[in-house]
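Inside the fold
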Amino acid sequence: MSPGLLQIEREPGIAVVTIDAPPLQLVDIDFFGALFGLLDRLEADEELCVCVFRSADPDFFLMHADVEALLTSTSLPRTGATEPNVAVATFERIRHEPFVTIGVLDGAARGGGCEFLSALDLRLGTPRAVIGQPEVPLGILPGAGGTVRWAQLVGRAKALELLLTGRDIDAEEALRLGWLLAIHDPVDIDAAALDLARSIARMTPASIAAVKRVVDLTLGDGNDALVAESDALAALMSAGNHIEPMRRFLAAGGQTREVERDDFSGAMNRTLRA
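Summarised in this report is the structure supplied together with it.

About the cut-offs
Going along each chain's sequence as written, the residues are numbered from 1 onward. Only residues with pLDDT of at least 70 get local features here, since the model is predicted, and only at 80 or more are side-chain atom pairs given and counted; chain-wide, interface and lining totals rely on the full set of residues. Values shown for side chains rest on all heavy atoms present in the structure; no hydrogens or waters enter the calculation. Accessibility here uses a 1.4 Å probe with only protein chains present; expressed as a share of the type maximum, an area under 20% marks a residue as buried, one over 50% as exposed, and anything in between as partly exposed. Each helix is a run of DSSP H or I of at least 4 residues and each strand a run of E of at least 2, with the numbering of both proceeding from the N terminus. Throughout, a contact is declared for two residues whenever any of their heavy atoms are within 4.5 Å. Lining residues are those with an atom within 4 Å of a point, where the points come from a 1 Å grid over the protein atoms alone and group into cavities, where a 1.4 Å probe fits but cannot get out, or pockets, open sets with protein on both sides within 12 Å along at least five of seven lines. Grid points are joined across faces, edges and corners, and a volume is the space filled by probe spheres set on the points. Under this grouping Gly is polar, as are all residues other than the nonpolar Ala, Val, Leu, Ile, Met, Phe, Trp, Tyr, Cys and Pro and the charged Asp, Glu, Lys and Arg. Geometry of aromatic contacts follows a simple scheme: Phe, Tyr and Trp rings, the Trp one being its six-membered ring, pair when their centres are within 6.5 Å, and the pair is stacked under 30 degrees between planes, edge-to-face over 60, tilted otherwise. For a lysine, the NZ atom is tested; for an arginine, the CZ atom; a charge sits over a ring if that atom is within 6 Å of the ring centre and within 35 degrees of the ring normal. Any carboxyl oxygen of Asp or Glu that lies within 4 Å of a side-chain nitrogen of Lys or Arg is treated as forming a salt bridge with it. Strand pairing is assigned whenever DSSP identifies at least 2 bridges connecting the two strands.

All of the buried residues in helix α13 (residues 264–273) are F264, G266, A267, M268 and T271. In this structure, the buried residues of α13 make contact with β6 (108–110), α11 (243–251) and α12 (257–262).

So, about the layout of surface pockets. Its volume calculated, the largest pocket comes out at about 1,200 Å³. Looking at the largest pocket, it is lined by 42 residues, and the ones nearest its centre are L70, P77, N85, A87 and L233. Those elements that provide at least two residues to the lining of the largest pocket are α1 (29–43), α2 (67–72), α3 (86–95), α4 (112–119), α10 (223–238) and α11. Per-class residue counts for the lining of the largest pocket are 24 nonpolar, twelve polar and six charged. Every residue lining the second largest pocket is counted, 25 residues in all, and those nearest its centre are R95, L120, D121, L122 and V215. Looking at the lining of the second largest pocket, the elements that each hand over two or more residues are α4, β7 (122–125), α5 (146–154) and α9 (205–219). Considering each element in turn, the lining of the second largest pocket owes the most residues, seven residues, to α9. Class assignment of the residues belonging to the lining of the second largest pocket gives a composition of 15 nonpolar, four polar and six charged.

So, about the packing of aromatic side chains. If you walk through the whole model with that rule in mind, you get nine aromatic pairs. Judged by centre distance (5.7 Å) and plane angle (80 degrees), the ring pair of F31 and F116 falls under edge-to-face. With F31 in helix α1 and F116 in helix α4, the pair connects residues that are 85 residues apart, well separated along the chain. Accessibility assignment for this pair places F31 and F116 in one class, buried. Pairing F53 with F116 gives two aromatic rings, centres 5.2 Å apart and planes at 90 degrees, and the pair type is edge-to-face. With F53 in strand β3 (residues 50–55) and F116 in helix α4, this residue pair connects regions lying 63 residues apart in the sequence. Grouping residues by exposure puts F53 and F116 together as buried. Of note, R110 hangs over the ring of F264, and the distance from its end group to the ring centre comes to 3.8 Å. The ring of W179 has R123 lying over it, and the distance from NZ or CZ to the ring centre is 4.9 Å.

Okay, the pattern of salt bridges next. Applying the stated criterion to the full structure yields 21 salt bridges. Note that D40 and R93 form a salt bridge whose closest N and O atoms lie 2.8 Å from each other. Linking D40 in helix α1 with R93 in helix α3, this pair joins segments that are 53 residues apart in sequence. Take D40: its relative accessible area is 47%, and that puts it in the partly exposed class. D190 is the salt-bridge partner of R54, the closest N and O atoms lying 3.1 Å from each other. In this pair, R54 sits in strand β3 while D190 sits in helix α8 (residues 189–201), placing the two residues 136 residues apart along the sequence. Relative accessible area serves as the criterion here: at 33%, D190 is assigned to the partly exposed category. Within the structure, one salt-bridge network assembled from shared partners comprises D57, D59, D106, R128, R257, R261 and D262.

Cis geometry marks the peptide bond from P22 to P23, where omega comes out at 5 degrees. Take P23: it is sitting in the loop between β2 (14–19) and α1. Of note in this structure, Q25 is not a glycine but carries a positive phi near 55 degrees. If you check the backbone angles, Q255 has positive phi at about 65 degrees while not being a glycine. Tracing the backbone shows Q255 in the loop between α11 and α12. For Q255, a relative accessible area of 8% corresponds to the buried category.

Moving on, we get to the pairing of strand β5 (residues 100–105). Burial of β5 is extensive: six of the six residues sit out of reach of the surface. Residues V100, I102 and V104 of β5 are buried on one face, and the alternating residues T101, G103 and L105, pointing to the opposite face, are buried as well. As paired elements, β3 and β5 share four bridges and run parallel to each other. Bridge pairing in β5 links F53 to G103. In terms of strand pairing, β5 meets β7 through four bridges, oriented parallel. The residue bridging G103 from the neighbouring strand is R123, located in β7.

Below, the structure is given as structure tokens:
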């Protein structure tokens, strides 16, 4: 296993990546920097068939983007986008990798963490799994592919309901929606993910890549929608729609381990009532 934010274990045809970004597992600049390097390494391995992503944190796969950084940033996204933003492009890069990607979720993944998992090919969870897209109550929209991905995964009406309420989705609902492939006991989920990875890794890399390519062609190219999402995020942030809701969110205990683990819905309700 290699040291760092993204730790890699290998066996023939398979990479297991453990995300270890204490104290909050944020989807921030450090995470993306590590992810760029990881993808370069994985793409150089022509024998790789499956990559499994898991978390070292007992409570969070990934939390969400750094709200404090969003509020203090002096550089806002540019409107009039002609291509997806960096986060969208990176998650879309993962989606189109020739190898299969599997997410292992035991804990929470909201915002960017949920968007990262939604870009993977397959997802396994435990009864503790919880996901959500809380961006709209915070004055923006999911801006790392989530607005587009949810519509693709669950359909227009359900995507609108989930995105516009920003509510949490538990493991059983995620399974019913087809977002989760299966639910496993926490003590068994890593073994279940490896069993799935090994069954896929028995296939040839060329066949795996071909199947993914044809399935994606069948579903159509969402690039125009991803560009529109990036532009909508830039417009909302440039107008300052996010400033007061995000300040209220932080004042309500948002982006602390205790509140995000034990009372996230309460924090969101306090954000909206303030």
